[in-house]
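What follows is the residue order along each chain.
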Amino acid sequence: QAKPRVFITRRIPEEGIKMIMEHCETEVSDFDGVLPREMLLEKVKNKEGILCLLTDTIDKEVMDAAGPKLKVISNYAVGFNNIDVEEATRRGIMVTNTPGVLTETTADLAWALIMSIARRIVEADKFVRAGKFRGWEPLLLLGTDVYGATLGIIGFGRIGQAMARRASGFNMKVIYYDLQRAPLQVEKELGASYRTLPELLSEADFVTIHVPLTPQTHHLIGEKELKMMKKGAYLINTARGPIVDEKALVRALQEKWIRGAALDVFENEPEVEPELLKLDNVVLAPHIGSATYATRTKMATMAAENLIKALQG
Ligand code: NAD
């Protein structure tokens, strides 16, 4: 029996590619960067499986280009807002993702961003490199205490709850908002209390976003919400850029409605709102939430397993 034909849109850690090669006739893109649309449409032709990234838009057109043999779209990510899942389901194409394996790694990065923005680590680093350090100073680079502060978690799923566990070591008050209230036992275990979104925004010192990008969460945080936040509060986004209205955030930071923000994701990746680059009260990262050696390897083997299992039916 012929092996199923599979296309991998970009080189991922070798462990995953090897697994797929054992079971499938495998083509890995050798294009250096996000595959241009025309190439993607060409490469998926007659494939039974596609392993793609969150930078690949997999819509009706791509499914048409692949043809009727397409059985599975395996996303190398937990978020799958890049895929038209409804259309895939209509066609009987299975869509898979990599939940769980990147939870702690992404929460680690969100935590690093909280610490960086609160203690002005990036500004401090620039200061030292610029040769400005003249010895200890009483009023140099004053920041905000994380210990004992109130953490507001928007989206209390895997990553949101991992943030709550970290917060307990910092003696923080933890409040969360989610579509669904967590079971009482989980709230108790994590020391977290439910709030409505407006309540959370007006009470938290650090607001951290962990919802998926859906039509409902698009611009969940806009001008109105930013104005509800405390003047001394910070916004951290490691979920998806379009959840925050970036133009409104720029004004919030320029006009000091809030004290700062730290972002791993942007509204129009890879573009970054130029005004953000001019601000000191923001820390910026290039979508590296899951970027550790161990986690990217686990994501690769999980995405490979998902693909192979679906192809074997
Ligand atoms: P999850 O599904 O475990 O948790 C998401 C939570 O959001 C759920 O509890 C859900 O009920 C809640 N939710 C969904 N829609 C909502 C709405 N409209 N209002 C309020 N709450 C809502 O997902 P997870 O594994 O914790 O990941 C969360 C998101 O983080 C992913 O969807 C992904 O987009 C993003 N992510 C980013 C990176 C990165 O590299 N920066 C890495 C991993 C995940």
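The interhelical angle for the contact between helix α1 (residues 14–23) and helix α13 (residues 293–311), taken along N-to-C directions, is 20°, at an axis separation of 7 Å. The orientation of α1 relative to α13 falls into the category roughly parallel. As for the relative orientation of α1 and α13, their crossing is right-handed in sense. Along its contact with α1, which presents E15, G16, M19, I20 and H23, the element α13 presents T297, A300, T301, A304, E305, L307 and I308. When the residues that make up the contact of α1 with α13 are grouped by side-chain class, the tally is 6 nonpolar, 4 polar and 2 charged.

Attention now moves to the packing of aromatic side chains. Taken as a whole and judged by the stated rule, the model has 5 aromatic pairs. Between W111 and F170 the ring centres are 5.1 Å apart and the planes differ by 50°, which places this aromatic pair in the tilted class. With W111 in helix α5 (residues 103–118) and F170 in the loop between α7 (158–168) and β7 (173–177), this pair connects stretches of sequence that are 59 residues apart. For W111, a relative accessible area of 8% puts it in the buried group. Ring centres of Y176 and Y194 lie 5.4 Å apart, and the angle between their planes is 80°; on these two criteria the pair is classed as edge-to-face. Of this pair, Y176 sits in strand β7 while Y194 sits in strand β8 (residues 192–194), placing them 18 residues apart in sequence. Residue classification places Y176 among the buried residues on the basis of a relative accessible area of 0%. Clustering of aromatic rings is evident, with ring pairs tying together F156, Y176, Y177 and Y194. A cation sits over an aromatic face here: K227 above W257, 4.6 Å from the ring centre.

Every one of the 24 residues lining the ligand counts as a neighbour, but R158, I159, D178, T238 and D264 are closest to it. L179 places a main-chain nitrogen or oxygen 3.2 Å from a nitrogen atom of the ligand. Broken down by class, the residue content of the shell around the ligand amounts to 9 nonpolar, 11 polar and 4 charged.

Okay, α7 next. Residues of α7 that are buried: I159, G160, A162, M163, A164, R166 and A167. Check the buried side of α7 and you find it contacts α5, β6 (150–154), β7, α8 (184–190) and β9 (206–209).

It is worth spelling out the pattern of salt bridges at this point. Under the definition given, this model contains 26 salt bridges. Where E104 meets R166, a salt bridge forms, and the shortest distance between an N and an O atom there is 2.9 Å. With E104 in helix α5 and R166 in helix α7, this pair connects stretches of sequence that are 62 residues apart. Overall, the relative accessible area of 19% leaves R166 in the buried class. For K247, the salt bridge goes to E273, with nearest N and O atoms at 3.7 Å. Here the residue K247 occupies a position in helix α11 (residues 246–254), and E273 occupies one in the loop between β11 (260–263) and α12 (274–277), the gap between them amounting to 26 residues.

Parameters at a glance
- Residues numbered from 1 in each chain as written.
- Predicted model: local features only at pLDDT ≥ 70, side-chain atom pairs only at ≥ 80, totals over all residues.
- Heavy atoms only, no water.
- Axes fitted to C-alpha atoms, helices over the stretch in contact; angles between N-to-C directions.
- Helix = DSSP H or I, 4+ residues; strand = E, 2+ residues; numbered from the N terminus.
- Parallel < 35°, antiparallel > 145°, perpendicular 65-115°, else oblique.
- Left-handed = near helix turned anticlockwise from the far one by under 90°.
- Contact = heavy atoms within 4.5 Å.
- Nonpolar A, V, L, I, M, F, W, Y, C, P; charged D, E, K, R; others polar.
- Phe/Tyr/Trp six-rings, centres within 6.5 Å; stacked < 30°, edge-to-face > 60°.
- Buried < 20%, exposed > 50% of the residue type's maximum accessible area, 1.4 Å probe, protein only.
- Lys NZ or Arg CZ within 6 Å of the ring centre and 35° of its normal.
- Near = heavy atom within 4 Å.
- Polar contact = N/O pair within 3.5 Å; in protein donor to acceptor, adjacent residues only side chain to side chain.
- Salt bridge = Lys/Arg side-chain N within 4 Å of Asp/Glu carboxyl O.

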